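Next come the chains, spelled out residue by residue.
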Amino acid sequence: MLLAKDIHHGGVSGGATATGGELDVLTARLSSDSIPVHPMGIKPLGNQYFASGPTARQSLGSLGRLPDEMILQILEYLDTHSLRVTGFTCRFLYAFCQLDELWKALFLDSQPLAWKGSWRNTHLNAPAGWQTRIDCTNVFSDVLHRPFACTHADLGKYSLSIPEANQINRFERLSYDDFAQNWSSVPFILTDYIQRWPVCSDWSIQELNRRYPNVAFRAEAVDWPFSIYHEYMSNNDDESPLYLFDRWFAEKMNLQIGHNTDAAYWPPECFGPDLFELLGEERPAHRWLIIGPERSGSTFHKDPNGTSAWNAVLEGSKYWIMFPPTAQVPGVYVSKDGSEVTSPLSIAEWLLEFHAEARAVAGCVEGICKAGEILHVPSGWWHLVVNLEAGIALTQNFVPKSHLIDVLSFLKDKPDQVTGFKKDIESPYDLFVERLRARYPELLDGSFCELERKIQSKKRKWEEAVGNKNDIGKDASGFSFGFGDEDEEEIP
């Protein structure tokens, strides 16, 4: 870790590596960045091996037997009063009890009158900009220093020097026929389409704050008036800033969407009919207003219910890195049924630790979607998105005819993972099939035939694999060695 300058107690600049653990590896990854001095003087764990004098951890007593990670978990159970008084027991615990993520968790059930620059100050109604004056320069902890380091790492550099083979295709416009025949399963960016939307010229972050200061929008776990979220955007040091992601924005802002005269915007025609429109008022959540400061975004995920999506940037710019449905994304671990995804806690952690490796994965594509551009996310594709600057975007999930099979399969085979439908809809699959049967019977029958062909193909591959094993067992006269079908992803 490179510190902007050293402060006493023996801290050194340079990448001193501590013993054991993923945090030490992450610290080493950060060594190419110039990280400023922590405002409390906290240093990475490795720096203690060059320190002179006692360290703050030595005052922990019996708690000193516990690793920092376990101490943090214990503190997560404390209420506001307990967390405050625990911080005054010793310098080491004082440093831990200042960690803003602990105060964020305590805050979530309350509503602020104003943002005070940090979760702790806001929750305790402390003066804006208040900071501790207690010297913690003899506190050495990766658990405490890592969030600060990730917050100040330059994420923009990961969007630079994209290999030519990885670059997302860019077009001015695209016809529906071209999309359906060639591009429905591939990410791409359209550079000359949304300029005709009224919101493209009317909206900016400042203008939204002027028009809708008292309208409450959903930002992850909180519902804040936009004026407070605007303050938060301009003044926070969060490793993973809150991302405004509101599904009811059209109703809250009294917007018309579609091709009528007063429409604020409309879905691009090149994607063709959205088959989920057949569900009318019963369709699942499908469109969102997205606003966030620099560094905000979303970690790796697939869009819900097997749908495709488009994401239009009205202000700012976004870096996207994407992988095909069957890709093994470095640092992302998926349960067998796909219901659980485990990845690093923040975008910064993933970029610092896995970005270089991920670029070499087959099928990886990357690109920057700028203001006035719109990006297509195909069904089932993994993607991570980070704002390179503060910005506004609109996004919508949809079901193109070319991916109807994917959505039908998802609704039928993974009912426990289906999201966004009203609770009184017992079977989204049956509802969707019923509406398709009434409007597109031939398309539905063709999709069922294609699904049956895929099922039979999987069965044949399984039978061939099992048959080959049985043949090997029966042939006692010699030795046979071979690989199964390379496309193991399709074997149930």
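Source: prediction; values computed, not measured.

K.L.:
Any chance you could break down the nonpolar core for me, citing the residues and the numbers?
P.N.:
One broad rule of soluble globular proteins: the nonpolar side chains tend to lie buried together. In terms of nonpolar packing, the biggest core is built from 69 residues, with Trp197, Trp203, Trp224, Tyr229, Leu289 and Leu394 touching the most fellow members. Here the element with the most residues in this core is helix H4 (residues 91–97); it accounts for six residues. Excluding residues that lie within four positions of it along the chain, tyrosine 229 makes contacts with Ala219, Trp224, Leu242, Tyr243, Leu244, Ile291, Gly292 and Pro293.

K.L.:
I'd like a description of the packing of aromatic side chains, backed by residues and values.
P.N.:
Scanning all chains against the criterion turns up 29 aromatic pairs. On the basis of an interplanar angle of 70 degrees and a centroid distance of 5.8 Å, the ring pair of tryptophan 224 and tyrosine 232 is categorised as edge-to-face. Grouping residues by exposure puts tryptophan 224 and tyrosine 232 together as buried. Ring centres of phenylalanine 276 and phenylalanine 432 lie 4.9 Å apart, and the angle between their planes is 65 degrees; on these two criteria the pair is classed as edge-to-face. With phenylalanine 276 in the loop between helix H12 (249–252) and strand E8 (287–292) and phenylalanine 432 in helix H15 (residues 428–439), this residue pair connects regions lying 156 residues apart in the sequence. Under the relative-accessibility criterion, phenylalanine 432 is labelled buried at 0%. Members of the aromatic cluster, each reached through a chain of ring pairs, are Phe107, Trp115, Trp119, Phe217, Trp224, Phe226, Tyr229 and Tyr232. In this structure, arginine 120 is placed above the aromatic ring of tryptophan 103, and the distance from its NZ or CZ to the ring centre is 5.2 Å. The residue whose ring lies beneath arginine 196 is tyrosine 193, and the NZ or CZ to ring-centre distance is 5.5 Å.

K.L.:
How would you summarise the pattern of salt bridges if you had to cite specific residues and measurements?
P.N.:
Summed over all chains, the structure comprises 15 salt bridges. Its salt-bridge partner being arginine 57, residue aspartate 68 comes within 2.7 Å of it at the nearest N-O pair. Of the two residues, aspartate 68 sits in helix H2 (residues 68–75) while arginine 57 sits in the loop between strand E2 (34–35) and H2, which places them eleven residues apart along the sequence. For arginine 173, the salt bridge goes to aspartate 192, with nearest N and O atoms at 3.6 Å. Pair noted here: arginine 173 is in the loop between strand E3 (169–171) and helix H8 (176–183) and aspartate 192 is in the loop between strand E4 (188–190) and helix H9 (198–202), with a separation of 19 residues, a long-range link.

K.L.:
Before we move on, can you summarise the packing of helix H14 (residues 404–413) against H15 with the specific residues and values?
P.N.:
If you want to describe how two helices pack, look at the angle between their axes and the distance between the axes. With their axes 8 Å apart at the nearest point, H14 and H15 run at an angle of 145 degrees to one another. By crossing handedness, the relation of H14 to H15 is classed as left-handed. Side by side, H14 and H15 meet where Leu404, Val407, Leu408, Leu411 and Lys412 of the first sit next to Pro428, Tyr429, Phe432, Val433 and Leu436 of the second. For the contact of H14 with H15, the class distribution of residues is nine nonpolar, no polar and one charged.

K.L.:
Explain the side chain of asparagine 311 to me, using residue names and the numbers behind them.
P.N.:
Relative to the assigned elements, asparagine 311 resides in strand E10 (residues 308–315). In contact with asparagine 311, not counting residues within four places along its chain, are Ile290, Lys318, Trp320, Cys369, Glu373, Ile374, Leu375, Ala393, Leu394 and Thr395.

K.L.:
Tell me about the side chain of aspartate 274, and please be specific about residues and values.
P.N.:
By the element assignment, aspartate 274 lies in the loop between H12 and E8. Using a relative accessible area of 8% as the deciding quantity, one classes aspartate 274 as buried. Within the local environment of aspartate 274, its side chain forms a polar contact with the backbone nitrogen of valine 399, the two atoms lying 2.9 Å apart. Leave out the neighbours within four places in its chain, and aspartate 274 touches Arg283, Gln396, Asn397, Phe398 and Val399.

K.L.:
Outline helix H13 (residues 347–359), supporting the account with residue identities and numerical values.
P.N.:
The terminal C-alpha atoms of H13 lie 15 Å apart, and with 13 residues this falls more than 12% below the ideal 18 Å at 1.5 Å per residue. Within H13, the axis deviates most sharply at glutamate 353, by approximately 55 degrees. Of all 13 residues in H13, ten are buried, a share of seventy percent or more. Among the residues of H13, Ile347, Ala348, Glu349, Trp350, Leu351, Leu352, Phe354, His355, Ala358 and Arg359 are the ones counted as buried.

K.L.:
Account for the pairing of strand E15 (residues 373–377), naming residues and giving values.
P.N.:
Extensive coverage of E15 is indicated by the burial of five of its five residues. Judged by which residues are buried, E15 turns out to be covered on both faces: Glu373, Leu375 and Val377 on one side and Ile374 and His376 on the other are all buried. Bridge analysis of E4 against E15 gives three bridges, and the strand direction is antiparallel. From the neighbouring strand, phenylalanine 188 faces E15, where its bridge partner is histidine 376. Here E10 pairs with E15 via five bridges, running antiparallel. What sits directly across from alanine 309, in E15, is valine 377.

K.L.:
Describe the environment of alanine 264, with residues and values.
P.N.:
Structurally, the position occupied by alanine 264 is in the loop between H12 and E8. Taking relative accessible area as the criterion, alanine 264 reaches 10% and is therefore assigned buried. Put simply, alanine 264 and tryptophan 197 are 67 residues apart on the chain and 6.4 Å apart in space, counted from C-alpha to C-alpha. If we ignore the near neighbours within four places in the chain, the residues touching alanine 264 are Trp197, Pro198, Val199, Leu255 and Gln256.

K.L.:
Can you break down the confidence of the model for the protein chain residue by residue, with the values?
P.N.:
The predicted coordinates of low-pLDDT regions are not to be read in fine detail. Looking at the protein chain, pLDDT values average 87 and 85% of them are 70 or higher. Across residues 1–25, confidence stays below pLDDT 50; counting only partners more than four residues off in sequence or on other chains, it has 68 contacts. Per-residue pLDDT stays below 50 along residues 475–492; that stretch engages in ten contacts with residues further than four places along the chain or on separate chains.

Scoring rules and cut-offs
- Residues numbered from 1 in each chain as written.
- Predicted model: local features only at pLDDT ≥ 70, side-chain atom pairs only at ≥ 80, totals over all residues.
- Heavy atoms only, no water.
- Core = buried A, V, L, I, M, F, W, Y, C linked by side-chain atoms within 4.5 Å.
- Buried < 20%, exposed > 50% of the residue type's maximum accessible area, 1.4 Å probe, protein only.
- Helix = DSSP H or I, 4+ residues; strand = E, 2+ residues; numbered from the N terminus.
- Contact = heavy atoms within 4.5 Å.
- Phe/Tyr/Trp six-rings, centres within 6.5 Å; stacked < 30°, edge-to-face > 60°.
- Lys NZ or Arg CZ within 6 Å of the ring centre and 35° of its normal.
- Salt bridge = Lys/Arg side-chain N within 4 Å of Asp/Glu carboxyl O.
- Axes fitted to C-alpha atoms, helices over the stretch in contact; angles between N-to-C directions.
- Left-handed = near helix turned anticlockwise from the far one by under 90°.
- Nonpolar A, V, L, I, M, F, W, Y, C, P; charged D, E, K, R; others polar.
- Polar contact = N/O pair within 3.5 Å; in protein donor to acceptor, adjacent residues only side chain to side chain.
- Expected span 1.5 Å × (residues − 1).
- Bend = angle between axes of the 7 residues up to and from the residue.
- Pairing = 2+ DSSP bridges.
- pLDDT = per-residue confidence, 0-100.

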